[in-house]
Amino acid sequence: MSFKKKDNQIYYNPIRRAVLNHRMIQPGDKVAIGMSGGKDSTSLLYFLDTISKQQRLGFEFDIVPITLAMGFDMDIAPLQEFVEKLGYELEVVPTNIAQVVFDIREERSPCSLCAKLRRGILYKHAKELGCNKVALGHHLDDAIETYFMNFLFHGQMASFDPISYLSKTGITLIRPLLYVEEKQVIQFVKREALPVIFNPCPVDKKTKREEIKQLISGLAQAYPDIREKFIMGMEHGLVENFWTKSMNGPE
């Protein structure tokens, strides 16, 4: 693995800022990382491993990489080798999620159910391993896409939270890549030749989220600072300035 001078500016400083701004990681935390085999979670493990070992937060913290065997035919050997090279053992959790979603339920829009099942199993297994936090590889573009999906399909002005406490499981969900752009993740993964496992899901790249991704890409060409403005709006915008309906009706 290599290190370039701009890595702090592009990756480590934004991740550290996100973690500190939202108090994502504290001394003594045991952080599970949900490893899908994709570029985002693989790079997240690399970054958090470096941050922990170099004590860039002022302390080390424990990391537990976890992947779910979805029921698809996937070769995860490259991912296991990568995880072991960093000094960890990849926890592989067998599931029948693919069978439930596509064969039993025959979902026409399977992403929501699939995500719900994956999260439930991931949180449960992380808790069994003694983890108090789960880190997901959602980046800045994911946050913007979620906002536009909520707005366009549900009429809600909201995205996911940087940190969420899940009372049913006692797990705190964190998203350390929140300030990092997707294109920057792609560049890093290519530069370092990090393993990316092919996603055999039959609806991959065919979802509404993919449509929204293309929409944001077009907006970014016209408004290059859209991502910075999004962070500003989410962290400093005032919800009380939105319209509110009077419960008493007109006077």
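Let's talk about the confidence of the model for the protein chain
Here is step 1: Across the protein chain, pLDDT averages 89, with 90% of residues at or above 70.
Here is step 2: Per-element mean pLDDT across the protein chain ranges from 70 in helix α4 (residues 97-104) up to 98 in strand β4 (residues 133-135).

Comments concerning the environment of Thr95
Here is step 1: Structurally, Thr95 is set in the loop between β3 (91-94) and α4.
Here is step 2: Taking relative accessible area as the criterion, Thr95 reaches 16% and is therefore assigned buried.
Here is step 3: In this structure the C-alpha to C-alpha distance between Thr95 and Met70, which are 25 residues apart in sequence, comes to 5.5 Å.
Here is step 4: Within the structure, the side chain of Thr95 is placed 2.8 Å from the backbone oxygen of Ala69, a separation counted as a polar contact.

Considerations on the packing of aromatic side chains
For any pair of aromatic rings, the description consists of the separation of the ring centres together with the inter-plane angle of the planes.
Here is step 1: Within this structure, the stated rule accounts for nine aromatic pairs.
Here is step 2: Ring geometry for Tyr11 and Phe188: centres 5.1 Å apart, planes at 65°, overall edge-to-face. Of this pair, Tyr11 sits in helix α1 (residues 7-21) while Phe188 is found in helix α7 (residues 182-192), placing the two residues 177 residues apart along the sequence.
Here is step 3: Looking at Tyr11, the relative accessible area reads 3%, which means it is buried.
Here is step 4: Taking relative accessible area as the criterion, Phe188 reaches 1% and is therefore assigned buried.
Here is step 5: Judged by centre distance (6.1 Å) and plane angle (80°), the rings of Tyr46 and Phe47 are edge-to-face.
Here is step 6: With relative accessibility at 8%, the residue Tyr46 sits in the buried group.
Here is step 7: For Phe47, a relative accessible area of 0% puts it in the buried group.
Here is step 8: Cluster of aromatic residues (ring-pair linked, three or more members): Tyr11, Tyr12, Tyr46, Phe47 and Phe188.
Here is step 9: Over the aromatic face of Tyr12 sits the side chain of Arg56, whose NZ or CZ is 4.3 Å from the ring centroid.

Let's talk about the pairing of strand β6 (residues 171-174)
Here is step 1: Neither face of β6 is open: one carries Ile171 and Leu173, the other Thr172 and Ile174, and all of them are buried.
Here is step 2: Note that β4 and β6 share three bridges and pair parallel. By the bridge assignment for β6, Ala135 is matched with Ile174.
Here is step 3: Where strand β5 (residues 163-166) meets β6, four bridges bridge the pair, whose relative direction is antiparallel.

Concerning unusual backbone geometry
Here is step 1: Positive phi, normally seen in glycine, also occurs at Arg23, with a value near 50°.
Here is step 2: The topology assignment puts Arg23 in the loop between α1 and β1 (30-34).
Here is step 3: Assessed through its relative accessible area of 57%, Arg23 is described here as exposed.
Here is step 4: The phi dihedral of Gln55 is positive, around 50°, even though this residue is not glycine.
Here is step 5: Tracing the backbone through its elements, the reader meets Gln55 in the loop between α2 (39-53) and β2 (62-69).

As for the sheet that holds β2
Here is step 1: Spatially, β3-β2-β1-β4-β6-β5 is the arrangement adopted by the six strands of the open sheet, whose pairing is mixed. Whereas interior strands pair on both sides, the edge strands pair on one side only; in this sheet they are β3 and β5. Between one strand axis and the next, the sheet turns by 30° as a mean value, whatever way the strands run.
Here is step 2: Packing against the sheet, helix α5 (residues 111-128) makes contact with β1, β2, β3, β4, β5 and β6, and its axis sits at approximately 140° to β2.

Remarks on the pattern of salt bridges
Here is step 1: Tallying each qualifying case throughout the model produces 15 salt bridges.
Here is step 2: When the shortest N-O distance is used, the salt bridge between Glu182 and Lys39 registers 3.0 Å. Linking Glu182 in helix α7 with Lys39 in helix α2, this pair joins segments that are 143 residues apart in sequence.
Here is step 3: Accessibility expressed as a relative area gives 14% for Glu182, which makes it buried.
Here is step 4: Residue Asp141 pairs with Arg227 through a salt bridge whose shortest N-O separation is 2.8 Å. Here Asp141, found in helix α6 (residues 140-154), pairs with Arg227, found in helix α9 (residues 226-236); they are 86 residues apart in sequence, far enough to count as distant.
Here is step 5: Look at the salt bridges and you will find they share partners, linking Lys39, Asp40, Glu145, Glu182, Arg209 and Lys213 into a network.

Criteria and cut-off values
- Residues numbered from 1 in each chain as written.
- Predicted model: local features only at pLDDT ≥ 70, side-chain atom pairs only at ≥ 80, totals over all residues.
- Heavy atoms only, no water.
- pLDDT = per-residue confidence, 0-100.
- Helix = DSSP H or I, 4+ residues; strand = E, 2+ residues; numbered from the N terminus.
- Buried < 20%, exposed > 50% of the residue type's maximum accessible area, 1.4 Å probe, protein only.
- Polar contact = N/O pair within 3.5 Å; in protein donor to acceptor, adjacent residues only side chain to side chain.
- Phe/Tyr/Trp six-rings, centres within 6.5 Å; stacked < 30°, edge-to-face > 60°.
- Lys NZ or Arg CZ within 6 Å of the ring centre and 35° of its normal.
- Pairing = 2+ DSSP bridges.
- Axes fitted to C-alpha atoms, helices over the stretch in contact; angles between N-to-C directions.
- Contact = heavy atoms within 4.5 Å.
- Salt bridge = Lys/Arg side-chain N within 4 Å of Asp/Glu carboxyl O.

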